[in-house]
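Notes for the structure review
Next come the chains, spelled out residue by residue.
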Amino acid sequence: MSFDLSLIVESVPMMLAGIGITLKLLVVSGLLGLMLAICLLLMRISGKWYLNIPAQIYIYIFRGTPILVQIFIIYYGLPQFDAIRESIFWPILREPTGCAILALTLNTGAYVSEILRGGVLGVGKGLMEAGSALGLSSRQKFIYITAPIATRLALPAYSNDVISLLKSTALASTITIADMTGIARTIVADTYAPYEIYMSLAVIYMIFTFGIQKLFGAIERYLGRYTKREG
Amino acid sequence: MDALIGWWDDYFWGAVIVGKVFLCSLSLMITFGLLGAMAKLSNSRIAQNLAGIYTVVFRGTPPILIILLFYFGSAITLTAIAQIIDPEIKFVDVPPFWAGTIAIAVLVGSYATETFRGAFLGVNPGSIEAARALGMSNLQTFIYVRIPEMWRLALPPFGNHMLSLIKDTALISIIGLNETMFVAKQAITVTGQPFTMYIVVGAIYLGFSTVVTVVVMGVEKFGERTTVGAL
Amino acid sequence: MSNEPLIQIRDMNKFFGNFQALKNINLEVNRGERIVVCGPSGSGKSTMIRCINRLEEHNDGHIIIDGKELTDQIKDINAVRREVGMVFQSFNLFPHMKIIKNLTMAQQLVRNISKTEARKTAMEYLEKVKIPEQADKYPIQLSGGQQQRVAIARALCMKPEIMLFDEPTSALDPEMINEVLEVMVELANEGMTMICVTHEMGFARSIADRVIFMDAGEIVEEAVPTEFFDNPKNERTKEFLSQILTH
């Protein structure tokens, strides 16, 4: 058994060609998922049972089932229904990329909404009382007091979720998408060299992860500048 | 719904496999997690660095990739070793059950390392000092003071690790493990109802998640009965 | 300006679940009066003043501020909160905003005052509490005493008719208590109507028009300072005073 370095040199550029798709899945699902998460959060903290309960059920289902199952239900399962095939969404839902983005969005939305809720719960009660005492409305308190502080508190957990989302994009390869993992699997099928290919792919993902961590570290430092005593 | 008749048996046995994977990977995950945590907390630079590499590598790589690597990689390695012993052997492979179980245990173990490490560090130093002052040995301090406080701190994130193990089991279907996803695939070729079949898979996993969540809540209550309200 | 009391509390009761935190509270505060409320922990003194600006809801009885009754209606609550300023034990400055913004935000959002006007008012009050140079700092960079003075300025920027103080110096290191008390004394001397929950008995003696002693949710004794401290009538008052005045 030998370790074929030349194979790595050949394959890495091929896998990196898939980076565009990986990034597209990551960024689009990330942004849409964040918007969904904010909606779910507002439903959860609204105090109205007819908003809170459905949100809780949604979050429970999407956090309690494997993301692979969610992807398969959307990609393989939805075409079972005529209504879907005849709807305006069909062009999106027919494509594996569209399905992958939808599944990843619905999934990350559930996780991120709980992360945001954790941030909201971390805002000190006294600050809300000071806002009330000054006469601020609920909406004003949420926008000017809760949201800025909760965002900073939620950031570490959120950065972990972004990294999770990156890793989940690899599952797109199971529904024929040629992202980095998809390309890698094709190469391995041809060359029978799992160690070389998969290990170098792992390194690529790790570099990506490192980059995301550094980025969020910088954001955390910027947002947290009011928590340091020196001027 | 009638499509499901005749498949309940298969789904049941698929679910049993999920349970088996969970139990095996759970014990391995705890082992890897504890070893990693102790390595990180030890005085040995080498141990710390090795554990550091362990956590960085396995937290930065997509789970599906780790499973593929363990499965195909182990096959290549074992075949190579077997051919040294007996050149007649064409192919040795590891059953998907074991390749997958060990893969997810190692993977989630890297997260557990951080959780256990944090929990050990979170133990009140005052309690340790008190134990020493009373003359308790290191081992006694570890068993009667450190561990009781530590598992209570680790429990909430540990619950999440257990949920990760359950959900990652679905990924092992990709390398041929005949758990519920696999059953669904077969059922679809016969019944042509992918949505129904994958929804059942989702429901089974949701059931497992719920059970784990409820059990963790119960254990948390058990842990709290002596510590909450102590003030 | 009517001669009716600025604050009227009549037959007020408050429950937390089954626990009765306030029993049959009757209190009248006239414009310009300075009231000090004291009592042991758990006596309900904080709860009582927090009912006045609806941070807590009273279950029974009436609270009437400047002729307006305090009810469930949002507009009633907001009308009261505009007249009433509060200073908290833990300051509660907004940590993510500079000092100046802490002072201007509510002016702009609640009273629709323009940014320049709000800044002007803010700087005036910062001068008044003697820390104008801290305007561009963040709360974490200020000492406890400075933060509490900012908190007082923040409440004053809203030009309230009444100021409520909930143990304003209890969370401060001893050497910073005086700088805050000085500001409060000055405010009192200018005629601000105030209710102050505090353990600072020297402060009570020097500026209070009335001292109120609460215990177990009831107002036990109410008197002018000289009567209160030198000639307490109720046994519980005597016991409390003996406990806190021995040093």
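Basis of the calculations
- Residues numbered from 1 in each chain as written.
- Chains lettered and ligands numbered in written order.
- Predicted model: local features only at pLDDT ≥ 70, side-chain atom pairs only at ≥ 80, totals over all residues.
- Heavy atoms only, no water.
- Helix = DSSP H or I, 4+ residues; strand = E, 2+ residues; numbered from the N terminus.
- Buried < 20%, exposed > 50% of the residue type's maximum accessible area, 1.4 Å probe, protein only.
- Contact = heavy atoms within 4.5 Å.
- Lys, Arg positive; Asp, Glu negative; His and termini not counted.
- Charge placed at Lys NZ, Arg CZ, Asp CG, Glu CD.
- Salt bridge = Lys/Arg side-chain N within 4 Å of Asp/Glu carboxyl O.
- Pairing = 2+ DSSP bridges.
- Axes fitted to C-alpha atoms, helices over the stretch in contact; angles between N-to-C directions.
- Buried area = accessible area lost by both parts, 1.4 Å probe.
- Polar contact = N/O pair within 3.5 Å; in protein donor to acceptor, adjacent residues only side chain to side chain.
- Nonpolar A, V, L, I, M, F, W, Y, C, P; charged D, E, K, R; others polar.

1. So, the overall build of chain A
Secondary structure assignment for chain A yields eleven helices and zero strands. Its C-alpha atoms give chain A principal-axis dimensions of about 70 × 55 × 25 Å. A burial count over chain A gives 51% of its 231 residues as buried. Within chain A, contacts between residues at least 6 apart in sequence are counted, and of these 76% link residues at least 24 apart. Across chain A, 18 positive and 13 negative side-chain charges occur, with their mean positions spaced 17 Å apart.

2. Side note on the pattern of salt bridges
Tallying each qualifying case throughout the model produces 26 salt bridges over all chains. With its nearest N and O atoms 3.6 Å apart, the salt bridge here joins Arg44(A) to Glu114(A). Of this pair, Arg44(A) sits in helix H2 (residues 19–45) while Glu114(A) sits in helix H7 (residues 96–121), and the two are 70 residues apart along the sequence. Looking at Arg44(A), the relative accessible area reads 14%, which means it is buried. With its nearest N and O atoms 3.6 Å apart, the salt bridge here joins Lys75(C) to Asp76(C). Given a relative accessible area of 19%, Asp76(C) falls into the buried group. Connected through shared salt-bridge partners, Lys125(A), Glu129(A), Arg50(C) and Glu56(C) make up one network.

3. Overview of the sheet that holds strand S5 (residues 68–69) of chain C
Residues and elements named next belong to chain C. Read across the sheet, four strands follow the order S2-S1-S4-S5 without closing on themselves; strand pairing throughout is antiparallel. The sheet is open, and its two borders are formed by strand S2 (19–29) and S5, each paired with just one other strand. With respect to the sheet, helix H1 (residues 45–52) is in contact with strand S1 (7–16), S2 and strand S4 (60–65), its orientation differing from that of S1 by roughly 120°.

4. Brief notes about the interface of chain C and chain A
Each side of the interface is counted separately: chain C has 23 residues, and chain A has 23 residues. Counting the surface lost from both chain C and chain A, the interface buries some 2100 Å², and carbon and sulfur atoms represent 67% of this. The three residues of chain C that bury the most area against chain A are His96(C), Leu109(C) and Ile140(C), which together make up 27% of that side's buried surface. Our enumeration of links across chain C and chain A arrives at one salt bridge. A salt bridge links Arg50(C) to Glu129(A); the shortest N-O distance between them is 2.7 Å. Between chain C and chain A we count four residue pairs in polar contact (both at pLDDT 80 or more) in total. Put simply, the parts of the chain that give the side of chain C that touches chain A at least two residues each are helix H2 (74–83), strand S6 (84–87) and helix H3 (99–111) of chain C. Here the side of chain C that touches chain A gets four residues from one element, more than from any other, and that element is H3(C).

5. Digging into the interface of chain B and chain A
Taken together, the contact between chain B and chain A spans 36 residues of the former and 33 residues of the latter. For the chain B and chain A pair, buried surface summed over both sides reaches about 3000 Å², with 77% attributable to carbon and sulfur atoms. Here chain B is connected to chain A by zero salt bridges. Applying the counting rule to chain B against chain A returns eleven residue pairs in polar contact (both at pLDDT 80 or more). Elements supplying a minimum of two residues to the side of chain B that touches chain A: helix H2 (45–59), helix H3 (63–85) and helix H8 (194–224) of chain B. A per-class count over the side of chain B that touches chain A returns 23 nonpolar, eleven polar and two charged.

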